[in-house]
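Summary of structural features
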Amino acid sequence: MDRPRLLGNFLRARREAVSLEDAGLTRMGRRRTPGLRREEVAMLAGVSNDYYVRQEQGRERRPSEQVLNALARVLRLDDAATEHLYELAYPRPRPRPVRREEQGQPAPAPPAPGV
């Protein structure tokens, strides 16, 4: 699964885990959505609803540090979850494996035909 989709899934799961009361909002009427609605998260984080929706849908590639901090605050993330949020948004480059030829070792010879 690609990183933007993982970020979106993480944001959605965390949004659904925050209650209105935890976010300081008042419940008015019946709700079909568990936790906060997207527009509530966007409003509390100080971003547009469209921008937040793009985050959850994996269409926004590089959220700023300010946006990530605001989302971590609104979603009530602890230090470990905030670190995970940053890792999803800004993955560290993985070292590529070193090939044998690059280490000065010849690649193994292919098997002889008919063997």
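Here the structure is shown first, and the text comes after it.
Below is a summary of the structure that appears in this document. Since the structure is predicted, the reported quantities are computational estimates derived from the model, not experimental observations.

Some remarks on the environment of Asp2
- Along the chain, the position of Asp2 falls in the segment before α1 (3-17).
- On the basis of relative accessible area, Asp2 is assigned to the partly exposed category, the value being 44%.
- Separated by 56 residues in the primary sequence, Asp2 and Gly58 have C-alpha atoms spaced 8.8 Å apart.

Some points on the pattern of salt bridges
- Going through the model one piece at a time under the given rule, you end up with four salt bridges.
- Ionic pairing is found between Arg38 and Glu56, a salt bridge with its closest N-O pair at 2.8 Å. Taken as a pair, Arg38 in helix α2 (residues 38-45) and Glu56 in helix α3 (residues 49-57) lie far apart in primary sequence, 18 residues in all.
- Its relative accessible area of 25% is what places Arg38 among the partly exposed residues.
- Among the residues examined, Glu56 registers a relative accessible area of 2% and is labelled buried.

With respect to the packing of helix α4 (residues 65-74) against helix α5 (residues 79-89)
- One way to put it is that α4 packs onto α5 with a least axis distance of 10 Å and a crossing angle of 145°. In the crossing of α4 with α5, the sense of the turn from one axis to the other is right-handed. In this structure, α4 contributes Glu65, Leu68, Asn69 and Ala72 to the contact, and α5 contributes Thr82, Leu85, Tyr86 and Ala89.
- Each residue belonging to the contact of α4 with α5 can be placed in one class, and the counts come to five nonpolar, two polar and one charged.

What about unusual backbone geometry?
- Its identity as a non-glycine residue notwithstanding, Arg76 has a phi of 60°, on the positive side.
- For Arg76, the position within the fold is in the loop between α4 and α5.

Here's the deal with the side chain of Glu40
- In this structure, Glu40 sits in helix α2.
- Classification of Glu40 by relative accessible area gives buried; the value is 13%.
- Among residues more than four places away in sequence, those in contact with Glu40 are Leu20, Leu25 and Arg31.

Procedures and definitions
Residues numbered from 1 in each chain as written. Predicted model: local features only at pLDDT ≥ 70, side-chain atom pairs only at ≥ 80, totals over all residues. Heavy atoms only, no water. Helix = DSSP H or I, 4+ residues; strand = E, 2+ residues; numbered from the N terminus. Buried < 20%, exposed > 50% of the residue type's maximum accessible area, 1.4 Å probe, protein only. Salt bridge = Lys/Arg side-chain N within 4 Å of Asp/Glu carboxyl O. Axes fitted to C-alpha atoms, helices over the stretch in contact; angles between N-to-C directions. Left-handed = near helix turned anticlockwise from the far one by under 90°. Contact = heavy atoms within 4.5 Å. Nonpolar A, V, L, I, M, F, W, Y, C, P; charged D, E, K, R; others polar.

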